[in-house]
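In case you want the letters, here they are:
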Amino acid sequence: MSTSTLRIAMVGLSDRTENAIKLFLEKNFVGIDHVGFDDAPDCIIFDLDQPIGRSRWKRLLSATRRPCTSILVSLSGYGDADCKRMQKSCVSLRKPVRLGQLQEALSKLQGRRLRPAQATSALDKAIARRKTPVAAQETAAQAEEPKRPPSLHAAAQQLPGKATPLHFSSRTQFDPQDLDTLKKAQYDPAQYFQGYLTRLLAQRPDKQGTLTIWTPDGQIRLDLETGKANVHLSKYRFRTLCSIPSDPSHPTPWREVHDVEPPSGNPHRKETSIQGLEWIAAIWASRGRLPQHLDAQRPVHMRHWPNLTRLTAIPHAMNIAALWSQNDFSPLETARLLRIDPRHVFTFVSACDAIGVLQQAEPDSATESPPPKKRRAHKHRSLLGRLLAKISLFTNREDD
Amino acid sequence: MYHHKIIFTGPVGSGKTTAIQSLSDVPVVCTDQRASDHEEIGKTNTTVAMDYGKILLKSGETVHLYGTPGQERFDFMWEILTQGGIGLIILVDHSNPNAHEDLRFFLSAFSKFIDETAVAIGITHTDKAPLPSLDRYLLELDRIGRRYPVFEVDARDRCDMSHLMEGLLLSLDPGLKQS
């Protein structure tokens, strides 16, 4: 990781707002790296109107007296008091946040020594090395016409639905040769809802009866006999539930009860399979990272293809599965051979591992596959590529 | 001129004609006849020679879709239809209790063609069967040591059938990119 990179995390913001901010930062600053809350960011933007944003801000405050640079966003100025107390390390903004305000906040935080010197200097450098002097441009524009900068919502409207790979906790590609970075691209599934679900299902090998998982935002009903799951949670809440690691010092936000029906009439009720639930929980826990019990450099063996027509789509999943159906390759080798971002492979590995279709040989076992043979392209590759493009027009269904 | 063909096969009632109708850019030519053994096969009409549809590409090329007749007494058609084919799609009716045996039969009948090309397996009628598990088909593949794509599909759904076709194309060449 370059010392001049500014690591920014966002907590509790909607996808569109997050995308809009990312787009804005990328257009106006260089050296910005979008990371997860747990990836030691230099600056965090919290949405305090969301329970997750509020609880994480509180947790950050209780964990350290001098948290990293924070921008608190809320409708009612919920973070004003905290900011007054924190003074230099915190800026509170009221919604609707405008890009100009955000830029001003970042500028305001410029030069403040809140984190290790490196982080502050990264912030300074990133702001100083703006590709375009947006502040100057805006000042000039405002002098000419009293036009306010566009709101985040307006900027988000310009984004296509899936403009950024939301599966990832970091947008910056990592260097596969850098072992330290590789280690950071791992996570412990046991700390996430994914691990909880795995443990819960492992306790019921007889696959009899039903289970209801209660969370603060809704319920998940598992029918073990039929393999069906009913999720009484909005897509957004469910993703949040799966993406946040549980805190060992606090009780988990979920618990299971037996033979209790969730309240009826939830508009977000969605039926899926238990396997589909494990799959999507792993995707949101992984977010481009590899489960820590798997090695990015050792070959993995796919027992069989996942039922990809009934599971949430992962970019390049078909290519990866097709490659693994021919031979065993390590996740990194797979990314290299297919010329794709390793984070797509890691997400796919994580999801396959969660539903039990993947295994990895022990490091000292003799079952490691021989060096991969040079693959030859199909003789009708060009035609097949055109056919693939044609049928892909019909494979874009709404994700879970 | 070289004809690019994709072959659809599977037992009677597995949805081959419907699958081709879902994917074809032109009205499908069917050779349906009233089935003399309709009580046994569970439907009144069945394909006796072949089904034919096509996918038209922007470049002006055409990929032909051929569906084989499902009944074994028409198996002389199978070899004729597969000549020059680029891949095989097998559809299996999940509501049939012996569906895994059907799969075994068709994998064996087309083994030479599969070895030369690739195969993707679509499991149809899963809404009619009580359990969604695909285990019995995966066990069948384990038995012969193969890892072919096996997907639940609804033959009426173009999206499902396109996914299955994508599985077939990428099995032919995993590094394939859209062009």
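The rules behind the values
Residues numbered from 1 in each chain as written. Chains lettered and ligands numbered in written order. Predicted model: local features only at pLDDT ≥ 70, side-chain atom pairs only at ≥ 80, totals over all residues. Heavy atoms only, no water. Helix = DSSP H or I, 4+ residues; strand = E, 2+ residues; numbered from the N terminus. Buried < 20%, exposed > 50% of the residue type's maximum accessible area, 1.4 Å probe, protein only. Contact = heavy atoms within 4.5 Å. pLDDT = per-residue confidence, 0-100. Pairing = 2+ DSSP bridges. Axes fitted to C-alpha atoms, helices over the stretch in contact; angles between N-to-C directions. Salt bridge = Lys/Arg side-chain N within 4 Å of Asp/Glu carboxyl O. Polar contact = N/O pair within 3.5 Å; in protein donor to acceptor, adjacent residues only side chain to side chain. Nonpolar A, V, L, I, M, F, W, Y, C, P; charged D, E, K, R; others polar. Phe/Tyr/Trp six-rings, centres within 6.5 Å; stacked < 30°, edge-to-face > 60°. Lys NZ or Arg CZ within 6 Å of the ring centre and 35° of its normal.

Moving on to the overall build of chain B. Within chain B one finds seven helices and seven strands. Mapped in sequence order, the helices and strands of chain B form the string β-α-β-α-β-β-α-β-α-α-β-α-β-α. Counting the 179 residues in chain B, one finds 57% classified as buried. The contacts of chain B with a sequence gap of at least 6 include a subset with a gap of at least 24, amounting to 68%.

Residue and element names in this part refer to chain A. Taken residue by residue, chain A gives an average pLDDT of 75. The fraction at 70 or more is 69%. Ranking the elements of chain A by mean pLDDT puts helix H7 (residues 152–157) last with 39 and helix H12 (residues 317–326) first with 95. Note on residues 112–166: pLDDT is under 50 here. Beyond four places in sequence and across chains, it has 93 contacts.

Time to look at the sheet that holds strand S4 (residues 69–74) of chain A. Residue and element names in this part refer to chain A. Ordered in space as S2-S1-S3-S4-S5, the five strands form an open sheet in which the pairing is parallel. Taken across any chain shown, the strands that pair with only one partner, and hence form the sheet edges, are strand S2 (32–34) and strand S5 (90–94). Strand-to-strand, the axes of this sheet are offset by a mean angle of 20°, without reference to chain direction. Sheet topology places S4 next to S5; five bridges connect them, and they run parallel. If you follow Ser74 over to S5, its bridge partner there is Arg94.

We now examine the interface of chain A and chain B. Opposite the 41 residues of chain A that make contact, chain B presents 44 residues. At the junction of chain A and chain B, the tally comes to six salt bridges. Between Asp173(B) and Arg381(A) there is a salt bridge, with its nearest N and O atoms 2.6 Å apart. Applying the counting rule to chain A against chain B returns 19 residue pairs in polar contact (both at pLDDT 80 or more). Taken together, the elements giving at least two residues each to the side of chain A that touches chain B come down to strand S13 (300–302), H12 and helix H15 (381–392) of chain A. Looking at the side of chain A that touches chain B element by element, the count peaks at 12 residues for H15(A). By residue class, the composition of the side of chain A that touches chain B is 17 nonpolar, 15 polar and nine charged.

Next up on the list: the confidence of the model for chain B. Per-residue confidence for chain B gives a mean pLDDT of 86, with 84% of residues at or over 70. Quick note on the complex model: pTM equals 0.69, ipTM equals 0.89.

Before going further, it helps to examine the pattern of salt bridges. The tally for this structure, following the rule as stated, stands at 17 salt bridges over all chains. The residue Asp115(B) makes a salt bridge to Arg146(B) at a minimum N-O spacing of 3.7 Å. Of the two residues, Asp115(B) sits in helix H5 (residues 111–116) while Arg146(B) sits in the loop between helix H6 (135–143) and strand S7 (150–152), which places them 31 residues apart along the sequence. A salt bridge links Asp154(B) to Arg156(B), with the shortest nitrogen-to-oxygen separation between them at 3.0 Å. Since its relative accessible area comes to 62%, Arg156(B) is described here as exposed. Through salt bridges with shared partners, a single ionic network connects Arg310(A), Glu152(B) and Asp160(B).

This structure, assessed with the given rule, holds 10 aromatic pairs over all chains. For the ring pair Phe105(B) and Phe106(B), a centre distance of 5.1 Å and an interplane angle of 90° mean the geometry is edge-to-face. The partly exposed category is assigned to Phe105(B), whose relative accessible area is 30%. Ring centres of Phe106(B) and Phe110(B) lie 6.5 Å apart, and the angle between their planes is 15°; on these two criteria the pair is classed as stacked. One aromatic cluster is present, built from ring pairs that chain together Phe193(A), Tyr196(A) and Phe238(A). The cationic tip of Arg54(A) hangs over the ring face of Tyr78(A); the distance from NZ or CZ to the ring centre is 3.8 Å.

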